[in-house]
Amino acid sequence: CGYGPHHDAPHYVGFAVSAFELGLVPDGPAGEGGTVHYWGVADVHAAAARLAGLGMTPHGGVEDVGDGILVAEFRDPFGNRFAVMQNPNYDPAKAR
């Protein structure tokens, strides 16, 4: 539709899709466990602590990926990767 990403970096490309964030990791591994689902949260540190407390396995700690964006990646009990992301630059009201 002609809309470009709102964030375009070697480690992450983000698109505003309606009220959602579609994030792509260009250099992510292919194959099993290569897809990472990012869930937007208001406080990544609190969310990471809660997930760890619920038994999710941290895959590293909270990471600052630039522009004030913080992410924390986990593995669920089945080995699937997912992450929580705190993005102060994303405004769902501006999503198209």
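One can find the structure itself at the top, above this paragraph.
No experiment lies behind these values; they were computed from the predicted model shown.

1. Some thoughts on the pattern of salt bridges
Now for step 1: Within the structure shown, the criterion is met by one salt bridge.
Now for step 2: As a salt-bridge pair, R81 and E73 come within 2.7 Å of each other at their nearest N and O atoms. Here R81 and E73 have matching classes, each one buried.

2. Quick look at the side chain of D76
Now for step 1: Mapped onto the elements of the fold, D76 is located in the loop between β7 (69–75) and β8 (81–86).
Now for step 2: There is no salt bridge for the buried D76, and the closest opposite charge comes from R75, which lies 7.6 Å off by N-O distance.
Now for step 3: Excluding residues within four positions of it along the chain, D76 makes contact with M56 and F82.

3. Overview of helix α1 (residues 44–53)
Now for step 1: Where α1 is concerned, the buried positions are V44, A47, A48 and L51. Considered in projection along α1, the buried side chains sweep an arc of 100° and stay on one side of the axis. Seen from the buried face of α1, the exposed residues on the opposite side, beyond 90 degrees, are A49, R50 and G53.
Now for step 2: As for α1, its buried residues are in contact with β7 and β8.
Now for step 3: A side-chain oxygen of the first residue of α1 lies 3.1 Å from the backbone nitrogen of H45; this N-cap is D43.
Now for step 4: Downstream of α1 by one or two residues, G55 has phi in the positive range, about 100°.

4. With respect to the environment of N80
Now for step 1: In this structure, N80 sits in the loop between β7 and β8.
Now for step 2: A relative accessible area of 42% places N80 in the partly exposed class.
Now for step 3: With 44 residues separating them along the chain, N80 and V36 place their C-alpha atoms 7.9 Å apart.
Now for step 4: Dropping the residues within four chain positions of it, N80 is found in contact with F74 and R75.

The rules behind these values
- Residues numbered from 1 in each chain as written.
- Predicted model: local features only at pLDDT ≥ 70, side-chain atom pairs only at ≥ 80, totals over all residues.
- Heavy atoms only, no water.
- Salt bridge = Lys/Arg side-chain N within 4 Å of Asp/Glu carboxyl O.
- Buried < 20%, exposed > 50% of the residue type's maximum accessible area, 1.4 Å probe, protein only.
- Helix = DSSP H or I, 4+ residues; strand = E, 2+ residues; numbered from the N terminus.
- Lys, Arg positive; Asp, Glu negative; His and termini not counted.
- Contact = heavy atoms within 4.5 Å.
- Arc of directions from axis to C-beta.
- Polar contact = N/O pair within 3.5 Å; in protein donor to acceptor, adjacent residues only side chain to side chain.

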